[in-house]
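These are the residues of each chain, in order.
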Amino acid sequence: LLSPSFHVVLLVLLFQCAPTTIHCSSISSDTVRVFQIGYPPPLGYVAYRLQPDETVVVDGIIENEKAWEVVPWTPKFVDIQGSLRPNPRFETKVKMRYDDKFLYIAGYLQEPNITASITQENAVIFYDNDFEIFINPSGDVHSYNEFEMNALNTTWTLIIVNPYRDNYNIIDPYPFDGMVTGVSINGTLNNPNDTDCCWYTEVALPFNMLRQFANRPCPPEDRDQWRINFSRVEWQYYVINGTYVKYPDTVPEDNWVWSPQWVIDMHMPERWGFLQFSEIDPRVNSTLFEYDPVPYDIQQVLYWIYMAQKEYYHDTNGTTATSYSQLGISASSFDVSSPYNATAIVAGITLNEIIIDEVFGYDASIIYNPVSSSSPAVVWHIRNDSYQWSTPIIIKQEQIPNGNASPSLGYFIAVCVYGGLTTIILFGVVVHRCIMTRNKKQQRTAANVDERTGLIIQHHHDDEGKN
């Protein structure tokens, strides 16, 4: 207890008990930036685990396959901009299942004129009509996998390390070892002399490849949710000499998706749909998709702050805001009443602070403190490349108007315990040293009496030896 390391341990414990400082930015600007989202939450789909007596043969032929018959299709795809645009000309929809090794995805694409020309693997497949999968297993809406295929079963797999909007980094191609794909065509390929029905896609994405991007159990556990979306790129063609010819670039392609993005941009993963996993046998029972507004609202608020920083950076010729007040963001930004009319979010989300980061530009954070449960408060962050992450708050605490955290009872107890123990230890050290000093004096006196004869004798011997 008297060693210096004991004091170090006490100090560590003390600082661990200290409350996390929470800074609430005050607003000095007359302009308030209001949090408003003009679109509904994404769609959700429940994928059921294959039961021991079920199998999926990945060949593109999904009709009359029992494992696919017992689960529903998604709703029909819509334009990527949602209700802002007309419904697609042709129907598209998907189904999903999984087991310990794969996530299985089956797609149906209605198409009266099936055509494809790209045969080189990992070429830019969307120059043909194609089917695309975007998947974010971790749910961090940052790093994700992209997969594309055409009616020739030519595929393209790549990793987007961070979204395109943030000076993106990609790994292209990224081989998906163990992936299996299949295509079946109800009609004729590249033959404009007849009218086709449709083409089917079937994809088995291996969990052993998705695991490194999941940061969570993979294969997933019951009720886990990932972020996912699907896209279909559809070009318009005309026929010359019995061959399909794509219209010039002045005629843009159509982009049809499962869950609308509300803008022409698939690379906004915070707007993708939710994939929920269920271990229930769908032949016996079904699982309702459980939409959790907490993670979605947190991500939307952080993305809104991120966009505010980008706008501020642009407007100030390269300056990053160091406080929420500079962005016009305050508690009023989330006021759902008039005159602000903000979009409603879950209770318990409050502003924290903005810290300048020399590497990633800034760290803007908010606090989520659940009001309906005993779960601890969590700090959520976003930085200049739109990466989002969370850190815990060790001790729950209340915020006070000046933006500092009120010390908790545990903190005062820790201070008192440390102070008391330090006093006892110092007193013990003093008493111990006094006792040791007295004992040493007594021992020294006894030693002189006992040893003097011996010393004299030794001296005599030494003298005799020297002489």
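Above this note sits the structure.
As the structure is a computational prediction, the values presented were derived from the model and not from experiment.

A. Just helix α4 (residues 293–315), in detail. Helix length check: α4, at 23 residues, gives a terminal C-alpha distance of 32 Å against a target of 33 Å (1.5 Å per residue), a fit within 8%. The residue sitting at the N-terminus of α4 and contributing the capping side-chain oxygen is Asp292; that oxygen lies 3.1 Å from the backbone nitrogen of Val294. Asn317 sits one or two positions beyond α4 and adopts a positive phi of about 55°.

B. Summary view of the nonpolar core. Met96, Ile105, Phe131, Ile228 and Phe230 are the most contacted members of the largest nonpolar core, which totals 53 residues. Counting residues per element, this core draws most heavily on strand β4 (residues 102–110), at seven residues. Judged by nonpolar contacts, the second largest core, of 25 residues, contains Ile298, Ile329, Ile349 and Leu351.

C. Local environment of the side chain of Asp99. With respect to the helices and strands, Asp99 occurs in the loop between β3 (92–98) and β4. Of the buried charged residues, Asp99 lacks a salt bridge, with Arg49 as the closest side chain of opposite charge at 6.3 Å. Only 2.8 Å separates the side chain of Asp99 from the backbone nitrogen of Lys101, close enough to count as a polar contact. Not counting the four nearest positions on each side in its chain, Asp99 is found in contact with Arg49, Leu50, Tyr104, Phe207 and Pro219.

D. Broad picture of the sheet that holds strand β19 (residues 388–392). Read from one edge of the open sheet, four strands run β16-β17-β18-β19, paired in antiparallel fashion. The sheet is open, and its two borders are formed by β16 (349–357) and β19, each paired with just one other strand. On average, each strand axis in the sheet is tilted by 25° relative to the strand beside it, whichever way the strands run. As defined by bridge partners, strand β17 (residues 361–368) adjoins strand β18 (residues 378–383) across six bridges and the pair is classed as antiparallel. From the neighbouring strand, Ile367 faces β18, where its bridge partner is Val379. Strand contacts of α4: β16, β17, β18 and β19, with the helix running at about 145° to β17, the strand carrying the most contacts.

E. View of the layout of surface pockets. Empty space within the largest pocket amounts to approximately 560 Å³. Lining the largest pocket are 20 residues; nearest its centre among them are Ser138, Gly139, Pro295, Gln299 and Trp380. It is α4 that contributes the most residues to the lining of the largest pocket, four residues altogether. Taken together, the residues of the lining of the largest pocket break down into eight nonpolar, seven polar and five charged.

F. Focus on empty space enclosed by the protein. Evaluation of the coordinates by the stated rule reveals one cavity of 30 Å³ or more. Considering only enclosed or pocket space, the largest cavity measures out at about 50 Å³ in volume. Lining of the largest cavity is provided by Ile135, Asn145, Glu146, Phe147, Thr157, Phe176, Met179, Leu205 and Leu210. If you tally residues by element for the lining of the largest cavity, the top one is strand β6 (residues 144–149), at three residues. Of the residues that constitute the lining of the largest cavity, the class distribution is six nonpolar, two polar and one charged.

About the criteria used
Residues numbered from 1 in each chain as written. Predicted model: local features only at pLDDT ≥ 70, side-chain atom pairs only at ≥ 80, totals over all residues. Heavy atoms only, no water. Helix = DSSP H or I, 4+ residues; strand = E, 2+ residues; numbered from the N terminus. Expected span 1.5 Å × (residues − 1). Polar contact = N/O pair within 3.5 Å; in protein donor to acceptor, adjacent residues only side chain to side chain. Core = buried A, V, L, I, M, F, W, Y, C linked by side-chain atoms within 4.5 Å. Buried < 20%, exposed > 50% of the residue type's maximum accessible area, 1.4 Å probe, protein only. Lys, Arg positive; Asp, Glu negative; His and termini not counted. Salt bridge = Lys/Arg side-chain N within 4 Å of Asp/Glu carboxyl O. Contact = heavy atoms within 4.5 Å. Pairing = 2+ DSSP bridges. Axes fitted to C-alpha atoms, helices over the stretch in contact; angles between N-to-C directions. 1 Å grid on protein atoms, 1.4 Å probe; cavity = no way out; pocket = protein on both sides within 12 Å on 5 of 7 lines; lining within 4 Å. Points joined across faces, edges and corners; volume = space filled by probe spheres on them. Nonpolar A, V, L, I, M, F, W, Y, C, P; charged D, E, K, R; others polar.

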